[in-house]
Amino acid sequence: MDGAGGTRARGRRGSRTAAPRGRGAPRSAARSPSRGRVAGESPSGATTHQAPRTDGPPARGGRPGRRAHAASALPAGGVEAPPAPRSRARATRVPAAPRKVAVVPDGAAAAPVAAPRPPPDTLRLHEVLSRLSLGRRDVSEASALVNTVVPHLVQTIRSRGGAFSSIEQHSAGSYYERVKISQPNEFDIMLVIPVERLQLDESDDTGAYYYLAFKRNPKEKYLLKFLDEDGKLSAFKMLQALREIIKQEVKNFKNVEVTVKRKKAGSPAITLQIKNPPSEISVDIILTLEVKHSCLPSTQDGLKIEQWLGTKVRRDFKSRSVYLVAKQNKREKVLRGNTWRLSFSHIEKEMMTNHGHSKTCCESDGTKCCRKGCLKLLKYLLEQLKMKYPKELEKFCSYHVKTAFFHSCVMWPNDTDWILGDLDHCFQKCLGYFVECLQKSQLPHFFIPQYNLLSLEDKASNHFLARQISHQLNNRFPIFQESY
């Protein structure tokens, strides 16, 4: 696929006569805006991924190339708005047909098929994005309930003393990254326990799961009761003890109804359900250990953000403490509940908050980009497909598309690669990359490159999702229109 320095569309003003149709080309085939080829094809017929449009070279006749779209201010609610049209011709221009993506059923390559040019009233992605915005009143009510329950719960747990007396509350997840879609009904809260002098030993070849053991004379002697018979710190025992404390404490809330959801096998979270008629709010409490440790070997070559966020930012992230969550490694033959998984939620939150190559990207007086808009649409597309095919897509989650999004930010690091007015194009190129990963069953963890998030044992599921996404991409996302 093309990188940030790939081919740019020729700048133009208004409309111009289409390039002559080549011999034998179907009359209905969609043409590339720059060369007259079928959209998405290279001269050899292979599918290509174009970089987003930026300032172009001077057009014929000495006219200046078309400039990048001017950034428009974000409306209330944080939803990216389409840019105001500069002229009547620009405002009424029919959007170009989406790039075709070759689908690979069961490992066999298939040639791309051109789609007809969409009608003028085709659903625009900006419209879909605006529908995903969270209502201010809903956000205010939900956050108020969470801020009533969680801090009080944390304070009560700390006051009991013992193993959890030093916990600290950290927010994480899509709501706090401002990429939550549809409803503010899910929150992630990390309860972090700082621990010194821990030894980390990898439990498998992924580089993501670890056994933890105390070195000599640990300061946190109150945690020794959670060691198993092999001297390893048991994630299961600690999580179970915290769950019992929380189940007792939620009974003491007077003005709000809070319950603890039944434990989900393999989940690192203790899930609270807060009544908020006519619905409920789900809060995942995630037990997390903070270990001051040098950069682990498995993460050494990850987080390749030098060209995107800068070398200094990467160095700062690499120097941070290691976070581990109580997560069972399902690869183990005997599940004993004594493994911990690396977590990078705190870094991901900062990357999403300060996501621009320039420091002023998306600030009140800065240029707006469409990065978060693309991630929201990626999450929404997967969510809708999972609702339609729950069995086939059971193993996929939003972290898959989030990881693909981070890799896309590295491949296209400049803010000019994510111009707000190019939302359709940028979203399609992110999808194109994700489809390639699915077809190859290879999606490296962003922080742990050796860890493949797409199992080679699930090739059928990966190819199924690739075909479904390609169908949506090649037909202007009919599932978005079915949702409304």
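What comes next is a walk through the structure. (Residues numbered from 1 in each chain as written. Predicted model: local features only at pLDDT ≥ 70, side-chain atom pairs only at ≥ 80, totals over all residues. Heavy atoms only, no water.)

**Remarks on unusual backbone geometry**
Logical step 1: Unlike most non-glycine residues, Arg476 shows phi in positive territory, near 60°.
Logical step 2: As for its placement among the helices and strands, Arg476 is situated in the loop between helix H11 (459–474) and helix H12 (478–482).
Logical step 3: We note that Phe477 has phi near 55°; this positive angle belongs to a residue other than glycine.
Logical step 4: With respect to the helices, strands and loops of the structure, Phe477 is situated in the loop between H11 and H12.
Logical step 5: Classification of Phe477 as buried rests on a relative accessible area of 2%. (Helix = DSSP H or I, 4+ residues; strand = E, 2+ residues; numbered from the N terminus. Buried < 20%, exposed > 50% of the residue type's maximum accessible area, 1.4 Å probe, protein only.)

**Notes on the packing of aromatic side chains**
Logical step 1: Across all of its chains, the model carries 11 aromatic pairs by this definition.
Logical step 2: Each ring, one from Phe446 and one from Phe447, has its centre 5.5 Å from the other, and the planes form 85°; the classification is edge-to-face. Note on accessibility: Phe446 and Phe447 belong to one class, buried.
Logical step 3: With a centroid separation of 5.4 Å and 25° between ring planes, the pair formed by Phe477 and Phe480 is classed as stacked. Each of the two residues, Phe477 as well as Phe480, counts as buried.
Logical step 4: Among the aromatic side chains, those forming a connected cluster through ring pairs are Trp308, Phe344, Phe405, Phe406, Trp418, Phe446 and Phe447. (Phe/Tyr/Trp six-rings, centres within 6.5 Å; stacked < 30°, edge-to-face > 60°.)

**What to know about the pattern of salt bridges**
Logical step 1: For the structure on display, the rule yields 11 salt bridges.
Logical step 2: Linking Arg331 and Asp205 is a salt bridge whose minimum nitrogen-to-oxygen distance equals 3.2 Å. Of this pair, Arg331 sits in the loop between strand E8 (322–325) and strand E9 (340–343) while Asp205 sits in the loop between strand E3 (198–202) and strand E4 (209–214); the two residues are 126 residues apart in sequence, bridging distant segments of the chain. When sorted by exposure, Arg331 lands in the same class as Asp205, which is exposed.
Logical step 3: With a closest N to O distance of 2.7 Å, Asp316 and Arg320 form a salt bridge.
Logical step 4: Overall, the relative accessible area of 25% leaves Arg320 in the partly exposed class.
Logical step 5: One network of salt bridges, with partners in common, ties together Asp316, Arg320 and Glu350. (Salt bridge = Lys/Arg side-chain N within 4 Å of Asp/Glu carboxyl O.)

**Comments concerning the packing of helix H10 (residues 423–440) against H11**
Logical step 1: One way to put it is that H10 packs onto H11 with a least axis distance of 8 Å and a crossing angle of 155°. Considering their axes alone, H10 and H11 lie roughly antiparallel with respect to each other. Remark: the crossing between H10 and H11 carries left-handed chirality. Facing H10, whose interface residues are Gln428, Leu431, Phe434, Val435, Leu438 and Gln439, H11 presents Asn462, His463, Leu465, Ala466, Ile469, Ser470 and Leu473. (Axes fitted to C-alpha atoms, helices over the stretch in contact; angles between N-to-C directions. Parallel < 35°, antiparallel > 145°, perpendicular 65-115°, else oblique. Left-handed = near helix turned anticlockwise from the far one by under 90°. Contact = heavy atoms within 4.5 Å.)

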